[in-house]
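Each chain, written out:
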Amino acid sequence: MTDTAVSISPADIETLEQLYTFREHTEVLEFLDKHPFLIPVLLEAPDKIRHYFPDSQLFLEVVVDPESIDWVQLILSILMKLDPHEAVARLHQFDENWSRSLSHQVHQQFFTTLEYPDEF
């Protein structure tokens, strides 16, 4: 559990911590506290992602554009070892079948990307 003072339910925090590895734990929870509409999306995403990337590891990270302090997004990184062409094709299918149905509000604050392990 965390010492961060947020209004996200402890049950949601616990579930998110089981589904994702947080990069900078406090920043992720503070971002979700400011954007609680992302929590249902994050709770649903792993099941959708596993259809396309079954053995992937999932990470959450808050990213700030250094040139625009107003641009802050939560990035969901899918760590996998697929051939790049296959990975991009699967991400495109994932976007077509799930991500594109998300609201504009979600798309303004949330992005999904692919990531490869260092030893790939």
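In case you missed it, the structure is sitting above this.
First, a word on what this report is: a plain description of the structure on this page. (Residues numbered from 1 in each chain as written. Predicted model: local features only at pLDDT ≥ 70, side-chain atom pairs only at ≥ 80, totals over all residues. Heavy atoms only, no water.)

**As for the packing of helix α3 (residues 38–52) against helix α4 (residues 84–97)**
- Here α3 crosses α4 at 140 degrees, and the two axes come no closer than 9 Å. The angle between the axes of α3 and α4 places the two elements in the oblique class. The way α3 lies across α4 gives a crossing that is right-handed. Seen from α3, the contacting residues are Lys 48, Ile 49 and Tyr 52; seen from α4, they are Arg 90, Gln 93, Phe 94 and Asn 97.
- Of the residues in the contact of α3 with α4, the class split is three nonpolar, two polar and two charged. (Axes fitted to C-alpha atoms, helices over the stretch in contact; angles between N-to-C directions. Helix = DSSP H or I, 4+ residues; strand = E, 2+ residues; numbered from the N terminus. Parallel < 35°, antiparallel > 145°, perpendicular 65-115°, else oblique. Left-handed = near helix turned anticlockwise from the far one by under 90°. Contact = heavy atoms within 4.5 Å. Nonpolar A, V, L, I, M, F, W, Y, C, P; charged D, E, K, R; others polar.)

**A closer look at the sheet that holds strand β2 (residues 57–65)**
- Reading across from one edge, β1-β2-β3-β4 is the order of the four strands in this open sheet, with mixed pairing throughout. Among the strands making up the open sheet, the edge pair consists of β1 (21–23) and β4 (110–115). The mean inter-strand angle of the sheet, taken between neighbouring strand axes irrespective of direction, is 25 degrees.
- Pairing analysis gives six bridges linking strand β3 (residues 68–79) to β4, with the strands arranged parallel. Considered in β4, the bridge of Ile 78 is made with Leu 114. (Pairing = 2+ DSSP bridges.)

**Details of the pairing of β2**
- Pairing geometry for β1 and β2, over three bridges, is parallel. Note on β2: the bridge partner recorded for Thr 21 is Phe 59.
- Here β2 folds back onto β3 in antiparallel fashion, the turn holding two residues.

**Brief notes about the packing of helix α1 (residues 10–19) against α3**
- At a minimum axis separation of 10 Å, α1 and α3 run at an interaxial angle of 35 degrees. Here α1 and α3 pass one another in a crossing that is left-handed. Judged by residue contacts, Asp 12, Thr 15, Leu 16 and Leu 19 of α1 engage Ile 39, Leu 42, Leu 43 and Pro 46 from α3.
- Residue composition of the contact of α1 with α3, grouped by class: six nonpolar, one polar and one charged.

**Thoughts on unusual backbone geometry**
- Residues other than glycine seldom take positive phi values, yet Glu 24 does so here, at roughly 65 degrees.
- With respect to the helices, strands and loops of the structure, Glu 24 is situated in the loop between β1 and α2 (25–34).
- You can call Glu 24 exposed: its relative accessible area is 55%. (Buried < 20%, exposed > 50% of the residue type's maximum accessible area, 1.4 Å probe, protein only.)

**Here's the deal with the pattern of salt bridges**
- Considering all chains together, one arrives at five salt bridges under this definition.
- As a salt-bridge pair, Glu 44 and Lys 48 come within 3.8 Å of each other at their nearest N and O atoms. A residue pair is termed a helical-turn pair when its members lie 3 or 4 positions apart in one helix, as Glu 44 and Lys 48 do in helix α3 at four residues.
- When the shortest N-O distance is used, the salt bridge between Arg 90 and Glu 86 registers 2.7 Å. Of this pair, Arg 90 and Glu 86 both sit in helix α4, four residues apart, which is roughly one turn of that helix.
- With a relative accessible area of 36%, Glu 86 lands in the partly exposed category. (Salt bridge = Lys/Arg side-chain N within 4 Å of Asp/Glu carboxyl O.)

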